[in-house]
Amino acid sequence: MSKALSVLLIDDNPARAEIVETGLREAGYRLLARLEGTQDLTARVRDLAPDVVVVSTDSPSRDVIEDMRRSTEQQPRPIALFVDQSDPATIAAAMEAGVSAYVVKGLAQDRVRSVVDVAVGHFNRYHAMREELERARLTLLERKSVDRAKGLLMEQRGMGEEAAYKLLRKLAMDQNKRIGEVAQEIVTYARVLKK
């Protein structure tokens with residue numbers, strides 16, 4: 001059995017907050033705290049370490065969106081945002097700020113769980129794709145470094161491509177490093193020596 005997700009709720013309207021709190025409890029989530037605004041959101045997320053942040057508001061102001069952006073940059077978390085009114089520009093700004101689920105005029109006690117689940121699902125997929133993209137970028141950079149290092153070894157030592165690659169691989173094994181790391185060191189040293 002998985003542990004209940006912990007939630008930080010932000011809402012300055014007590015009646016609306018009660019609807020969300022009841023929906024969270026019925027869904028089995030653990031409410032850590034309810035804040036009345038997003039001021040110091042980054043610090044509160046750091047201190048409370050919620051699994052999910054749920055924000056409900058009439059309409060998110062530019063400051064609220066900026067507070068969410070700062071928080072997600074420093075401590076990425078799924079954010080579910082319930083609003084009473086909105087426009088396309090605000091929706092785009094909120095999504096750009098890291099909001100995982102944006103619901104307009106859809107606040108109902110029985111919808112809280114599905115919206116939070118969607119926010120968590122979108123957040124997890126987005127971050128998995130970002131990690132995969134970063135791994136691919138690093139792999140490409142390492143390949144470029146390996147090709148450059150092989151070229152340098154071939155030029156400086158007069159060896160063939162296969163021999164240069166074998167030498168890189170041996171150096172990496174001897175130093176207990178990835179071949180890309182050793183290749184980058186060789187490229188860096190070559191740049192320094194040319195100066």
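Looking at the sheet that holds strand E1 (residues 6-10)
Strand order in the open sheet formed by five strands is E2-E1-E3-E4-E5, with parallel pairing between adjacent strands. Each of the sheet's edge strands pairs with one partner strand only, and the pair in question is strand E2 (30-35) and strand E5 (101-104). Between one strand axis and the next, the sheet turns by 15° as a mean value, whatever way the strands run. In this sheet, strand E4 (residues 79-83) lies alongside strand E3 (residues 52-57) in parallel orientation, the contact comprising five bridges. Bridging across to E4, Thr57 finds its partner in Val83.

A few points about the pattern of salt bridges
Counted according to the given criterion, the structure contains 20 salt bridges. Here Asp58 ties to Arg16 by a salt bridge, and the two come within 2.9 Å at their closest N and O atoms. A residue pair is termed long-range when its members are at least 10 positions apart, and Asp58 in the loop between E3 and helix H3 (62-74) and Arg16 in helix H1 (residues 14-26) qualify at 42 residues. What makes Asp58 partly exposed here is its relative accessible area of 41%. Where Asp47 meets Arg46, a salt bridge forms, and the shortest distance between an N and an O atom there is 3.7 Å. Residue Arg46 is classed as exposed on the basis of its relative accessible area, which comes to 52%. The network of salt bridges with shared partners includes Asp11, Asp12, Arg16, Asp58 and Asp84.

Focus on the side chain of Asp67
With respect to the secondary-structure elements, Asp67 resides in helix H3. When sequence neighbours within four positions are dropped, the list of residues in contact with Asp67 reads Thr38, Gln39, Leu41 and Thr42.

Observations regarding the packing of helix H5 (residues 112-157) against helix H6 (residues 161-175)
Direction vectors running N to C along H5 and H6 enclose 115°, while the axes themselves pass 9 Å from each other. On the basis of the axis angle, H5 is roughly perpendicular to H6. Viewed along their axes, H5 and H6 form a crossing whose handedness is right-handed. Seen from H5, the contacting residues are Val146, Ala149, Lys150, Leu153, Met154 and Arg157; seen from H6, they are Glu161, Ala164, Tyr165, Leu167 and Leu168. Class assignment of the residues belonging to the contact of H5 with H6 gives a composition of eight nonpolar, no polar and three charged.

Focus on the environment of Val52
As for its position among the elements, Val52 is in strand E3. Assessed through its relative accessible area of 0%, Val52 is described here as buried. Each C-alpha atom, one on Val52 and one on Leu5, is 7.2 Å from the other, the two residues being 47 residues apart in sequence.

Reading the values: the criteria
Residues numbered from 1 in each chain as written. Predicted model: local features only at pLDDT ≥ 70, side-chain atom pairs only at ≥ 80, totals over all residues. Heavy atoms only, no water. Pairing = 2+ DSSP bridges. Helix = DSSP H or I, 4+ residues; strand = E, 2+ residues; numbered from the N terminus. Axes fitted to C-alpha atoms, helices over the stretch in contact; angles between N-to-C directions. Salt bridge = Lys/Arg side-chain N within 4 Å of Asp/Glu carboxyl O. Buried < 20%, exposed > 50% of the residue type's maximum accessible area, 1.4 Å probe, protein only. Contact = heavy atoms within 4.5 Å. Parallel < 35°, antiparallel > 145°, perpendicular 65-115°, else oblique. Left-handed = near helix turned anticlockwise from the far one by under 90°. Nonpolar A, V, L, I, M, F, W, Y, C, P; charged D, E, K, R; others polar.

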